[in-house]
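# What the coordinates show
Residues per chain, in single letters:
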Amino acid sequence: MELLDRIGETLTQVGNAAGQKAKDVSEFAKLSSELHSLEKKQQDLYIELGKKYFEEHGDSTEEAVEALKEIAADIEHLKDQIAGLKGGDACPNCGAVVPKGSKFCNACGTKMSIFEEEDEETTEEE
Ligand SMILES: [Zn+2]
């Protein structure tokens with residue numbers, strides 16, 4: 001019995017020493033596989049989230065896309081207006097550039113309301 005105990009003790013010691021090295025390696029493997037599985041889980045959740053969002057807000061997604069298109073068009077329009085402001089004023093209705101100080105748009109005839117307020121404050125005609 002004593003021999004068996006000693007053999008058992010030795011085996012435990014050898015096992016511990018080998019186990020320490022294996023532990024470092026397996027710790028790294030464990031952590032990296034944990035990281036991988038977390039990243040996978042994250043990806044799956046992103047997909048799941050997008051799917052759920054699309055299922056529940058499919059219509060508003062379409063609206064959002066349309067809104068984005070409109071915004072893109074508005075941005076282009078604004079860019080044109082800003083560029084136009086260098087040489088004149090932009091019509092608030094059609095965005096056409098009219099000579100600075102004009103009361104009406106040359107293109108659509110819209111009253112240049114931005115300057116109307118200014119005019120009312122400074123010069124009171126009529
Ligand atoms: Zn106009």
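Each residue is numbered by its place in its chain's sequence as written, counting from 1. Given that this is a predicted model, residues contribute local features only at a pLDDT of at least 70 and side-chain atom pairs are listed and counted only at 80 or more, while totals for whole chains, interfaces and linings are drawn from all residues. Side-chain figures throughout are based on the complete set of non-hydrogen atoms in the structure, without hydrogens or water.

A word on the overall build of the protein chain. When helices and strands are counted, the protein chain shows two helices and two strands. Starting at the N terminus and ending at the C terminus, the protein chain contains elements arranged as α-β-β-α. For the protein chain, the residues scored as buried account for 9% of the 126 residues in total. In the protein chain, the proportion of contacts linking residues at least 24 apart, taken out of those at least 6 apart, comes to 2%. When the accessible surface of the protein chain is summed, it comes to about 10,800 Å², and 58% of that surface belongs to carbon and sulfur atoms. Numbering goes from the N terminus for both helices and strands, where a helix is a DSSP run of H or I of at least four residues and a strand is a run of E of at least two. Only protein chains enter the calculation, and the probe is 1.4 Å; a residue is then buried if its accessible area is under 20% of its type maximum, exposed if over 50%, and partly exposed in between. Note on contacts: a residue pair qualifies if any of its non-hydrogen atoms lie within 4.5 Å across the two residues. Where accessible areas are quoted, they stem from the Shrake-Rupley method and a 1.4 Å probe; at the residue level, only the protein chains shown are allowed to cover.

Salt bridge criterion: a side-chain nitrogen from Lys or Arg within 4 Å of a carboxyl oxygen from Asp or Glu. Counted according to the given criterion, the structure contains one salt bridge. The shortest N-O distance in the salt bridge between aspartate 44 and lysine 40 comes to 3.2 Å. With a gap of four residues between them, aspartate 44 and lysine 40 both fall in helix α1 (residues 2-85), about one helical turn apart.

Turning to the confidence of the model for the protein chain, a few remarks are in order. The predictor attaches a confidence to each residue, and that confidence, scored 0 to 100, is pLDDT. For the protein chain, the average pLDDT comes to 72, and 69% of its residues sit at 70 or higher. Predicted confidence in the protein chain is weakest over helix α2 (residues 113-122), with a mean pLDDT of 49, and strongest over strand β2 (residues 97-98), with 77. When the criterion is pLDDT under 50, residues 115-121 qualifies, and its contacts beyond four places in sequence or with other chains add up to four contacts.

Let's shift gears to the environment of serine 37. Looking at where serine 37 falls in the secondary structure, it is placed in helix α1. A 3.5 Å cut-off defines polar contacts: any pair of N or O atoms within that distance qualifies, except that in protein one atom must be a possible hydrogen donor and the other a possible acceptor, and neighbouring residues in sequence count only when both atoms are side-chain atoms. Of note is the side chain of serine 37, whose polar atom sits 3.1 Å from the backbone oxygen of glutamate 34.

What follows covers the side chain of serine 102. Residue placement: serine 102 occurs in the loop between β2 and α2. Judged by relative accessible area, serine 102 falls into the buried class, the value being 17%.

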